[in-house]
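Listed here are the chains, written in short residue letters.
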Amino acid sequence: LLIPCVVFLVRKGVSARSTGTASEDADMVRRQGSFRAIDQGTSVRALFMGQGSGDTVREVLSGAVVSLGCLPEAISFSMIAGMSPLNGIWAGVFLGLYSSLLGGRPGMISCSSGATAVVLAPLVRSHGIGPMSISVLLVGLLQLLAGKNRLSRFIALVPHPVMLGFVNGLAVVIARSQLEQFRTEQDGPFVEPVVMQGMLLTIAVSMVTAVGAPKLPVVGKFLPGPLAAMVCAIAFSYAISPWFPPRTLADVTILPSGLESLPSWSFPPAGVDWGDIDMWAAVITTACRMALVGLVESLLTVKLLDQITGTPGSTRRECFGQGLGNIVAGLFGTQGGCALIGQSLINVSGGGQGRLSSFIMAAGLAVSVVFATPLVSHIPVAALVGLMFIVSINTFAWGSLGLLSIISWTDALVILVVTGVTIAVDLATAVVIGLFISALAFAWSAAKEVKLVDEREGAHARVFRLQGPLFFGSAMSFQSRIRPERIAEPRVVLDFAGGKVLDHSAMEAITKTIDKLRTAGKTVNVRALPPEATAYFRSTSTAPGSSPIKADAQAEAAPEAPAAEHLPACERPRPR
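What comes next is a walk through the structure. This one's a predicted model, so the numbers in the text were calculated from it and none came from an experiment.

Residues L151, F154 and L157 make up a contiguous nonpolar surface patch of roughly 320 Å² in combined accessible area. Mapped onto the elements of the fold, F154 is located in the loop between α7 (129–148) and α8 (160–177). Under the relative-accessibility criterion, F154 is labelled partly exposed at 47%.

Right, let's talk about unusual backbone geometry for a bit. Cis geometry marks the peptide bond from F267 to P268; its omega dihedral reads 5 degrees. Assignment of secondary structure puts P268 in the loop between α12 (249–252) and α13 (277–309). A positive phi angle is found at R150, which is not glycine, with a value near 60 degrees. By the element assignment, R150 lies in the loop between α7 and α8.

Moving on, we get to the pattern of salt bridges. Taken as a whole, this structure holds twelve salt bridges when the rule is applied. Ionic pairing is found between R456 and E489, a salt bridge with its closest N-O pair at 3.0 Å. Placement of R456 in strand β3 (residues 451–457) and of E489 in the loop between α22 (475–481) and β5 (491–495) is noted, with a sequence separation of 33 residues between them. Judged by its relative accessible area of 48%, R456 falls in the partly exposed class. Judged by relative accessible area, E489 falls into the buried class, the value being 5%. Between E508 and K512 there is a salt bridge, and its shortest N-O distance comes to 3.9 Å. Of this pair, E508 and K512 both sit in helix α23 (residues 504–519), four residues apart, which is roughly one turn of the helix. Residue K512 is classed as partly exposed on the basis of its relative accessible area, which comes to 44%. What you see here is one network of salt bridges that share partners, running through D454, R456, R462, R481 and E489.

The rules behind the values
- Residues numbered from 1 in each chain as written.
- Predicted model: local features only at pLDDT ≥ 70, side-chain atom pairs only at ≥ 80, totals over all residues.
- Heavy atoms only, no water.
- Patch = residues over 30% accessible without salt bridge, like charges linked within 9 Å, V, L, I, M, F, W, Y side chains within 5 Å.
- Areas by Shrake-Rupley, 256 points an atom, 1.4 Å probe, with all protein chains shown as cover.
- Salt bridge = Lys/Arg side-chain N within 4 Å of Asp/Glu carboxyl O.
- Helix = DSSP H or I, 4+ residues; strand = E, 2+ residues; numbered from the N terminus.
- Buried < 20%, exposed > 50% of the residue type's maximum accessible area, 1.4 Å probe, protein only.

As structure tokens, then:
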């Protein structure tokens, strides 16, 4: 628990010292002025929050509210994975600490996650908690490897329709996950009607307060909306308790308190058959899936918060924060996790845009279990559910519904497919499918933009000018357009000055076309053919009597001058 704090403070201290050395002249100017400027790089507030990140009180209050919101979520995610409630809570503490202090997005909340819990559940049922710990440890190592190799930059390739489908599906998943709070146990019967009615009334008060409190003239500037909603909902729930008994966190699960609730070191885990090949196959497969799910959800959350706050985050650094958190979680036998977009949006909307709020969330989660269990256990579940419903409503991109009739049908299809797969399967699968559909749509669109213009140059040459990218989507069309039986001229010029040769399919199409023309007895010259395509032709050409192609030097110098009749003929192979 102390390691990320020490690393964070040391890193900040080194950064502040290097910054101070680099800006010695600027410091001298400030000291000679009429006031003493406070160095924001070394102040305690700036260490945790940074410049312009918000008010310290709002940061603390927002982090405290989010920690209460993460508590029932962590408990429910533990039940999904088939483990004790403390497992998910302490996994949230580890992920929250390492992500808040060492991650790349201030204000982002990381905890045990439903997306990762669903991936771990089959492994826990089939092999137990020991192999699960090994899998979570491997997840952390894979995420560190992704950060070291800068794989996080590929998140920039996610198109906007995929992002819209991601947030829409996630909004539905957030709202659907709250329905479990209305059941007596997971997948069990619903609570009694009188308790259900009280919960619905409390949820309504929580949602109305969360929306209306920030609009109050004076209080709204200082009191975060989620905190106001929490206080009002708790007061209302106990006010109507004589008629509508509240459902509290104590009704959901029994939480141990005190030092006995602290996690213990559990690596190497007990009860693991280290020679079981089937177990290792399940562990490695689960680790790869969980690492992908966790990174995709975390990095997309970073990008979403970047857009909301207008401040940039580091996706690569977030890979390191998530990886270290999952490694520690695996060493202590907990289930790990990733970033939570719902709680992150609550934190940011409540004014928590710095690292302090995320740190308070993790610390508050630990304090609520170790020291404040009797008090926290009496919080009505409906007060927290109301906040999550607000998050769900705000997460959904309602404007995307109007875009469906404006944008192209392929982009609309991507939004709908990603939304549906996110709801039915998981986020990582939805993003991969969305990227696949978007890539196919782009390739099809780019292939339609490729043109091959043919014209005569003089009396004995025909020129084919490529305009646009030549790649796997347009390679077959390129080959079909150049047919030797339809070319009466003895000389053919292939001009690539207006196009681009992008991949292996393009080079193969060029080679086959030249071989086909030479087999038919045509003399072939080329213009602006890339060196890699020339080398590929020389190594793969199969035309009888063919020789290395020779570029048109005159055309390279002035491609706009039609001089086909002066093109040098291709060299004939010399006899050995």
